[in-house]
Amino acid sequence: MSEPGDLGDIVRPYADPPPGHVSDSRLERVLRSGRFAVTAELNPPDSADPSDVFDAARPLGEVADALNATDASGANCHMSSIGICALLTRAGYGTVYQISCRDRNRIAIQGDVLGAAAMGVRNVLCLTGDGVGTGDQPGARPVFDFDSISLVRTIRTMRDEGVFLSGRKITRPPRMFIGAAENPCIEPREWRPERLAKKVEAGADFIQTNYIFDLPVFEKFMARVRDLGLHERVFILPGVGPLASAKAARWMRSNVPGIHIPDAVIERMEKAAKPAEEGKRICIELIQQIRDVAGVAGVHVMAYRREHQVSEIILESGVLAGRRPRRRVVGQAQ
Amino acid sequence: MYRVRLFAIRKARSFEWLYRRLEAVMVACDPLFRRIGYNRVERPVAFVERITKGFLFDCRMCGQCVLSSTGMSCPMNCPKQLRNGPCGGVRPGGFCEVIPEMKCVWTLAWQGAARMKGGDKIREVLPPVDRSLQGSSSWLRVSREKAAKLREAREAGRTALAQAFPNARVIEPASAPLAEEPRRATTGDTRK
Ligand code: SF4
């Protein structure tokens, strides 16, 4: 039995980042070393049982360098991102703490960033958040005190300048690898790369995008990104995911904000004898094509309710090139 | 009004020009405003601002106007009040995620900015809105800021002198003054 106050087993010591790094995040290390990184989105449980979190993480953990814990995505209530990240970090997983600007103001968010860092979370993803109207509680008050870009700048200020936005000093700044989102296939397409430039300017270290189903549009986006030189200043992880069926794809397209699926993809799903298998195939092909686009640093897999397919998809795509991102034993660096 | 707002964005370049003129006038009025007291002019100016900008841009009187950096498309009309660009939920055709019949204010903003001379300002990262300024006049805030900056530039010489002779400042404060001179105290009034 350990003494109260002796937390060596549960809490990771607050390590300084290795040279040339902004955090001691495993994801950052993989990316900076030039290896192709994989992140995966975790479906948060509607439960207070920690074993539900671990069950959800297990099928993703063997192929992902970090797991994204969504923050009430689609404005639906689930277990909080910070809670999930705290549990998974202790179990040795790399985690990405997602913060949506929809539900909390600047006071709450800056406090949570410190709390997350103290619990060992080393990656944070700054999001605007879907409107409350799309979720299960449309009567909620939308906050949007920050927007995703001012949030990125705020966390960078906390990390690099060691102060809150008010100027008050932080004695131990949160050493976080800061992420932001992009949605290359959505209007206004011609300005999306410019918006990405703004996020990089604000301080983003990595970018995870929404689903890419339209490769030509994505390639055009990346061409502009390379023209602006952004791929050298930020790590870009395009989003991918397997479709379950043509019907599900159509539903997503018209009901989930910010999703663009070309008709050709839906037709292919429609014609398939085994739609789930076809969805997986399309996903693998997309990952392989995306990997070959210049300036791409990894992929972000969002396989809502198809988590069981993630391992196979990543392994069959061959992007890990034999690498096995296993979770680390507690106590070691994340 | 939505229609007028769309018109203002189409005419972003003319409004940009108009805004620059207005700003120059407001800055020129600074000595007058200071004499009357900014506190006293706040209410009437805010009233005029609310009426005109409300009509032209659907202004919400956030008090920290950024129209010149957003293609004359007021970002406070975005249901998420984003100050730095569109969210990831814009609908096909450039319509808003939350209000589907309205054009995304940020799609319009980039179009407006492309028409403006200083349109590049849209690339600047803007801070979150200070909600305590809601309802106050942005025009006065801008003119105050600009005027203060001009004053500061004019006084740079005197401040530099005070800093170059720190000990003189301590033993004989009047020999290297730092505080702002009241208008009537000096003969060579460099401030207009
Ligand atoms: S940015 Fe603020 S002050 Fe300017 S038009 Fe919009 S609400 Fe009014």
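The following paragraphs examine the structure supplied in this document.

Calculation notes
- Residues numbered from 1 in each chain as written.
- Chains lettered and ligands numbered in written order.
- Predicted model: local features only at pLDDT ≥ 70, side-chain atom pairs only at ≥ 80, totals over all residues.
- Heavy atoms only, no water.
- Helix = DSSP H or I, 4+ residues; strand = E, 2+ residues; numbered from the N terminus.
- Rg over C-alpha atoms; globule rule 2.2 N^0.38 Å.
- Buried < 20%, exposed > 50% of the residue type's maximum accessible area, 1.4 Å probe, protein only.
- Contact = heavy atoms within 4.5 Å.
- Areas by Shrake-Rupley, 256 points an atom, 1.4 Å probe, with all protein chains shown as cover.
- Lys, Arg positive; Asp, Glu negative; His and termini not counted.
- Charge placed at Lys NZ, Arg CZ, Asp CG, Glu CD.
- Salt bridge = Lys/Arg side-chain N within 4 Å of Asp/Glu carboxyl O.
- Polar contact = N/O pair within 3.5 Å; in protein donor to acceptor, adjacent residues only side chain to side chain.
- Near = heavy atom within 4 Å.
- Nonpolar A, V, L, I, M, F, W, Y, C, P; charged D, E, K, R; others polar.
- Arc of directions from axis to C-beta.
- Pairing = 2+ DSSP bridges.
- Axes fitted to C-alpha atoms, helices over the stretch in contact; angles between N-to-C directions.

This part is about the overall build of chain A. When helices and strands are counted, chain A shows 11 helices and eight strands. For chain A, the C-alpha radius of gyration of 19 Å lies close to 20 Å, the compact-globule estimate for 334 residues. Across its three principal directions, the C-alpha atoms of chain A cover 60 × 45 × 45 Å. Burial analysis of chain A (334 residues in total) assigns 56% to the buried set. Of the contacts made within chain A by residues no fewer than 6 positions apart, 79% connect residues no fewer than 24 positions apart. For chain A, the exposed area adds up to about 14000 Å²; of that, 51% sits on carbon and sulfur atoms. Computing the positive centroid from 44 side-chain charges and the negative centroid from 42, chain A places the two 2 Å apart.

What follows concerns the interface of chain B and chain A. Counting residues at the interface gives 30 residues for chain B and 27 residues for chain A. Run the count over chain B and chain A and you get two salt bridges. Summed over the shared surface of chain B and chain A, the result is 14 residue pairs in polar contact (both at pLDDT 80 or more).

Looking at the ligand, the residues that line it are Lys53, Cys59, Arg60, Met61, Cys62, Cys65, Val66, Leu67, Cys74, Pro75 and Met76 of chain B. When its residues are assigned to classes, the shell around the ligand shows nine nonpolar, no polar and two charged.

Below, the discussion takes up helix α9 (residues 263–271) of chain A. Every α-helix winds through 3.6 residues per turn, so residues three or four apart in the chain are directed the same way. Residues and elements named next belong to chain A. Those residues of α9 not exposed but buried are Val265, Ile266 and Met269. Projected down its long axis, α9 shows its buried positions confined to an angular sector of 95 degrees, all on one face. Counted as exposed and oriented over 90 degrees from the buried face of α9: Ala264 and Lys271. Contacts made by the buried residues of α9 are with α8 (246–255) and α10 (275–291).

Before going further, it helps to spend a moment on the sheet that holds strand β4 (residues 123–127) of chain A. All names here are of chain A. Spatially, eight strands are ordered β1-β2-β3-β4-β5-β6-β7-β8 in a closed barrel, and the strand pairing comes out parallel. In this sheet, adjacent strand axes meet at a mean angle of 25 degrees when their direction is disregarded. Summarising the sheet, strand β6 (residues 206–211) and strand β7 (residues 235–240) pair through four bridges and their orientation is parallel. Note that in β7 the partner of glutamine 208 across the bridge is leucine 237.

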